[in-house]
Amino acid sequence: MSVFVIHGIPGSPYVRTPLMALEEKGLPWRLSAVPMGGNRAPGYRAIHPFQKIPTLDHGDFRLYETRAILNYIDRIAPEPALTPTDPRRAARMDQLIGITDSYLAARVSGALSFPRVVAPGFGLPVDDSAVAAAVPAAAEVIDEVARLLGDQPFMAGDGLTLADLMLAPHLVFLPHFAEGAAILAPHAHLVAWIARMETRPSMAATGWVRLNELCAERASVKD
C-alpha cells in the first residue's frame, strides 16, 4: 500500500490523531511538516483551500477534514476496526468526536493547553488572566467527557475507537500544567485512561518530540 502523507504542524492534536490511526493499523505514513502558522501562508492554500490542518495525500487522492481522514483510514484498512459495530457504541463514538470538535478543542486545547504548554516553547506571550477565565468552560467539557467515559476502559466501551484517538492528543497535555491537573483531579478514571493511552505504541510514535526527530532525520537525508 502506498505511503499515507499527512500535511500538518507537529504537535497539533488534529495532526496527531490520523497519525495514531495509521500506527494502530500498521500502515506506512510520513509527516510533511508545516511550520507553526505555515498553514496561513498563501502557498498552503493549494493543499487545503481553507488553510487548516491536517490534509492527507494517499497516492493521487487528497483529503482534508480530520473526521473524513479517520473514516478513510478505517475503511481502507478494516483491521483492526476502530468503529464499533454496535449502533449505540458507534453513536457514542460519534458524539465524543463531535464534543471534541465543537467544544473541547476551543475550550481546552485552545484556551488552556496552547498557552500553558505550546506557547512558551515558541516564546509567545501568555495572558494568565485569560487562562484563568477559561477554566470553568474547560472544566464543563472535561466533566462531561469523564461522565461519558464512566468506568469503561475506552471511550465507547471495551475496545479502542476513533473517539479515543481523537481525544487523547488533546487530553494528554492536561496533567502537565496546574489548571489542567486541577480540572482532572475529580476524575480518577479519566486520569487513568490518559495514562493508559500514553502507553500505547501509537502515542509514542507520534509525540511532538518524536515527530520533530523524524522530520529532522528526513531533512538530513535530503541534504
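Heads up: the structure comes first, above all this text.
The rules we used
- Residues numbered from 1 in each chain as written.
- Predicted model: local features only at pLDDT ≥ 70, side-chain atom pairs only at ≥ 80, totals over all residues.
- Heavy atoms only, no water.
- Pairing = 2+ DSSP bridges.
- Helix = DSSP H or I, 4+ residues; strand = E, 2+ residues; numbered from the N terminus.
- Phe/Tyr/Trp six-rings, centres within 6.5 Å; stacked < 30°, edge-to-face > 60°.
- Buried < 20%, exposed > 50% of the residue type's maximum accessible area, 1.4 Å probe, protein only.
- Axes fitted to C-alpha atoms, helices over the stretch in contact; angles between N-to-C directions.
- Parallel < 35°, antiparallel > 145°, perpendicular 65-115°, else oblique.
- Contact = heavy atoms within 4.5 Å.
- Nonpolar A, V, L, I, M, F, W, Y, C, P; charged D, E, K, R; others polar.
- Polar contact = N/O pair within 3.5 Å; in protein donor to acceptor, adjacent residues only side chain to side chain.
- Salt bridge = Lys/Arg side-chain N within 4 Å of Asp/Glu carboxyl O.

Draft legend 1. Layout of the pairing of strand β4 (residues 61–64). Across four bridges, strand β3 (residues 55–58) lies against β4 in antiparallel orientation. Looking at the pairing, D57 lines up with R62 of β4.

Draft legend 2. Structural detail: the packing of aromatic side chains. In total, this model carries three aromatic pairs according to the counting rule given. Taking the centre distance of 6.2 Å and the plane angle of 20° together, the rings of F122 and W208 count as stacked. You can see F122 sitting in the loop between α3 (87–121) and α4 (128–149) and its partner W208 sitting in helix α9 (residues 208–222), a full 86 residues away along the chain. Here F122 falls in the partly exposed class, since its relative accessible area comes to 41%. A relative accessible area of 26% places W208 in the partly exposed class.

Draft legend 3. Region of interest: the packing of α4 against helix α7 (residues 188–198). The geometry of α4 relative to α7 is characterised by a closest axis approach of 9 Å and an angle of 85° between their N-to-C directions. By the criterion of interaxial angle, the relationship of α4 to α7 is roughly perpendicular. Taken together, the residues of α7 that come into contact with α4 (itself represented by I142, V145, A146 and L149) are H189, L190 and W193. Of the residues that constitute the contact of α4 with α7, the class distribution is six nonpolar, one polar and no charged.

Draft legend 4. Up close: the side chain of H170. Positionally, H170 belongs in helix α5 (residues 162–171). Residue class for H170 comes out buried when judged on its relative accessible area of 1%. Side-chain polar atoms of H170 contact the side chain of S109, separated by 2.6 Å.

Draft legend 5. A look at the pattern of salt bridges. Applying the stated criterion across every chain, the model contains nine salt bridges. Here E24 ties to R200 by a salt bridge, and the two come within 2.9 Å at their closest N and O atoms. In this pair, E24 is assigned in helix α1 (residues 13–25) and R200 in the loop between α7 and α8 (201–204), connecting sequence segments 176 residues apart. Classification of E24 as buried rests on a relative accessible area of 16%. R116 is the salt-bridge partner of E179, the closest N and O atoms lying 3.0 Å from each other. Here the residue E179 occupies a position in helix α6 (residues 178–184), and R116 occupies one in helix α3, the gap between them amounting to 63 residues. Taken together, the shared-partner salt bridges in this structure form one network comprising R116, D128 and E179.

Draft legend 6. Seen up close, helix α2 (residues 66–76). Listed in full, the buried residues belonging to α2 are T66, I69, L70, N71, Y72, I73 and D74. Buried residues along α2 sit against β1 (4–8), α1, β3, β4 and α5.

Draft legend 7. Representation of unusual backbone geometry. Omega for the bond connecting I53 with P54 falls within 30 degrees of zero, at 0°, which places this linkage in the cis form. Along the chain, the position of P54 falls in the loop between β2 (29–33) and β3. Looking along the chain, the bond that leaves E79 and enters P80 is cis, with omega of -10°. Mapped onto the elements of the fold, P80 is located in the loop between α2 and α3. The phi torsion at Q51 lies on the positive side, around 60°, for a residue other than glycine. Positionally, Q51 belongs in the loop between β2 and β3. One non-glycine residue with positive phi stands out, namely E65, at about 85°. Tracing the sequence through the fold places E65 in the loop between β4 and α2.

Draft legend 8. Broad picture of the sheet that holds β4. Pairing is mixed in the open sheet, where four strands are placed in the order β2-β1-β3-β4. Each of the sheet's edge strands pairs with one partner strand only, and the pair in question is β2 and β4. Averaged over all adjacent pairs, the angle separating strand axes in this sheet is 20°, with direction ignored. Sitting on the sheet, α2 touches β1, β3 and β4, and the angle it makes with β4 is about 135°.

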